[in-house]
Amino acid sequence: YTLSCVVLVRILDLLKIERHQMACVLLFGLHPAAILFGGTTLREAWQVLFFMQSVYCLLRFRRDATPGFLLWGAASALMMGWLHNGLIVYALFLVPYALFSRMGIRSSPSIQRVLGLFLTGTVATGLAAAILTGSLPHAPTLKALAAGDALDYAANYRQGGHEARTDYGIMLDPSSPAAFAMSLPRAYLYYMLTPFPWQIRTALDGFAALDAWFRLALLFFALKGWRSMPPGNPSRIYRFLLVLYFFMSLLWSMGTSNYGTAIRHHLVPLWILIVLGMPPLIDRLLGSDRKPAQNESK
């Protein structure tokens, strides 16, 4: 987790976010969930590191077309997926999306760029071939995807955990794709917002509620900052990161049935909200309310 703080600073520099870097690092390192789950030998610390490293390297590859960044980015995504069955699915989404997402990043023609584009095509072709031939690493999630049983797997995984006081009692309905789609938004809402005020009974419940409200504040200012940007490269990169956040939180919501476990899962993509939402939030608190597009796109 300490190494991920270094990657955080590199991401801030890459995005040309110069305001309130120290505050971003302090929040990232001293957030209570970060101290609890990132300061001990739990897999969340490694998930955070590999996720951040993968995104950073893939963004550097898109900017510089340096083949080494593509290899490090793909390797970090695979190491992240190795730590959790759900993150394997996320890694298979992350790498192609980063390679083919429209970010407006251009560099002049060079041997490095040509080689980078060749490696991009090679990685994409290899992923497609592995999916079609069933040659992906063995994991229950991938097996369920290949068999067309992903909806049942998500619902059964969600029900398979131990009952906890913090369960929010929301079920996914795998009876049909339509039923699953109808039940998923409610599961996502509870994953993002619980515990609700009427569910707070202990100090830990209060901490979980404050954590949820603060994350929502960061998300609000991240979306506000993105929407206030003029069209261009920074706006597209911000959109790319927000899509990564929403897809990961949606994936976690499918397999999370209580807000105790959700606190751990929220930690993995929290850095995106800190990077995008913390500077405009502090500006608002200080009364400056400066637009990121006027300061960070130069």
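Residues numbered from 1 in each chain as written. Predicted model: local features only at pLDDT ≥ 70, side-chain atom pairs only at ≥ 80, totals over all residues. Heavy atoms only, no water.

A.B. asks: Which residues make up the overall build of the protein, and what values go with them?
C.D. replies: The helix and strand inventory of the protein stands at 15 helices and 0 strands. A total of 298 residues make up the protein; the buried ones form 49% of that total. Look at the contacts in the protein between residues 6 or more apart in sequence, and 73% of them connect residues 24 or more apart. Just so you have it, the protein exposes about 14,700 Å², and 66% of that area is on carbon and sulfur atoms. (Helix = DSSP H or I, 4+ residues; strand = E, 2+ residues; numbered from the N terminus. Buried < 20%, exposed > 50% of the residue type's maximum accessible area, 1.4 Å probe, protein only. Contact = heavy atoms within 4.5 Å. Areas by Shrake-Rupley, 256 points an atom, 1.4 Å probe, with all protein chains shown as cover.)

A.B. asks: Any chance you could break down the nonpolar core for me, citing the residues and the numbers?
C.D. replies: Judged by nonpolar contacts, the single largest core of 82 residues is most densely connected at Phe28, Phe51, Val55, Met80, Leu94, Leu241 and Trp271. Residue contributions to this core peak at 12 residues, all from helix 4 (residues 43–64). With sequence-adjacent residues up to four places away left out, Val55 is seen in contact with Leu94, Phe240, Leu241, Leu244 and Trp271. (Core = buried A, V, L, I, M, F, W, Y, C linked by side-chain atoms within 4.5 Å.)

A.B. asks: How would you explain the packing of helix 1 (residues 2–14) against helix 2 (residues 21–30) if you had to name every residue and give the values?
C.D. replies: The N-to-C vectors of helix 1 and helix 2 enclose an angle of 150 degrees; their axes lie 10 Å apart at closest approach. Judged by the angle between their axes, helix 1 and helix 2 are roughly antiparallel. When you trace helix 1 past helix 2, the crossing you get is right-handed. Each of Ser4, Cys5, Leu8, Val9, Leu12 and Asp13 in helix 1 lies in contact with helix 2, whose residues at this interface are Gln21, Cys24, Val25 and Phe28. For the contact of helix 1 with helix 2, a count of residues per class yields 7 nonpolar, 2 polar and 1 charged. (Axes fitted to C-alpha atoms, helices over the stretch in contact; angles between N-to-C directions. Parallel < 35°, antiparallel > 145°, perpendicular 65-115°, else oblique. Left-handed = near helix turned anticlockwise from the far one by under 90°. Nonpolar A, V, L, I, M, F, W, Y, C, P; charged D, E, K, R; others polar.)

A.B. asks: Lay out the environment of Gly277 in plain terms, naming residues and giving numbers.
C.D. replies: Within the element layout of this structure, Gly277 appears in helix 14 (residues 270–286). Measuring from C-alpha to C-alpha, the distance between Gly277 and Trp226 comes to 9.4 Å, with 51 residues separating the pair along the chain. Not counting residues up to four positions away in its chain, the partners in contact with Gly277 are Leu218, Phe221 and Ala222.

A.B. asks: Quick one: what's the story with helix 13 (residues 259–267), residue by residue and with numbers?
C.D. replies: Residues Tyr259, Ala262, Ile263, His265, His266 and Leu267 constitute the buried set of helix 13. Capping the start of helix 13, Asn258 holds a side-chain oxygen 3.1 Å from the backbone nitrogen of Gly260, two or three residues further along. (Polar contact = N/O pair within 3.5 Å; in protein donor to acceptor, adjacent residues only side chain to side chain.)

A.B. asks: Can you break down the environment of Phe118 residue by residue, with the values?
C.D. replies: Along the chain, Phe118 turns up in helix 7 (residues 111–133). Separated by 51 residues in the primary sequence, Phe118 and Pro67 have C-alpha atoms spaced 9.3 Å apart.

A.B. asks: A description of the packing of aromatic side chains should follow, citing residues and the corresponding values.
C.D. replies: By the definition in use, this model includes 13 aromatic pairs. Here the aromatic rings of Phe220 and Phe221 are separated by 5.2 Å at their centres, their planes lie at 85 degrees, and the arrangement is edge-to-face. Take Phe221: its relative accessible area is 10%, and that puts it in the buried class. Put simply, the rings of Phe51, Tyr90, Phe93, Tyr97, Phe240, Phe247 and Trp271 pair up and form one aromatic cluster. Positioned above the aromatic ring of Trp226 is the side chain of Arg227, whose terminal nitrogen or guanidinium carbon lies 5.5 Å from the ring centre. (Phe/Tyr/Trp six-rings, centres within 6.5 Å; stacked < 30°, edge-to-face > 60°. Lys NZ or Arg CZ within 6 Å of the ring centre and 35° of its normal.)

A.B. asks: I'd love a proper account of the pattern of salt bridges, names of residues and values included.
C.D. replies: Working definition: two side chains of opposite charge can pair if their charged atoms are close together. If you walk through the whole model with that rule in mind, you get 5 salt bridges. Across the pair Arg19 and Asp283 runs a salt bridge whose closest N-O atoms are separated by 2.7 Å. Taken together, the residues Arg19 in the loop between helix 1 and helix 2 and Asp283 in helix 14 connect sequence positions 264 residues apart. In this structure, the salt-bridge partner of Asp64 is Arg60, at a minimum N-O distance of 2.9 Å. Taken together, the positions of Asp64 and Arg60, both in helix 4 and 4 residues apart, correspond to about one turn of that helix. Take Arg60: its relative accessible area is 18%, and that puts it in the buried class. The network of salt bridges with common partners includes Arg60, Arg63 and Asp64. (Salt bridge = Lys/Arg side-chain N within 4 Å of Asp/Glu carboxyl O.)

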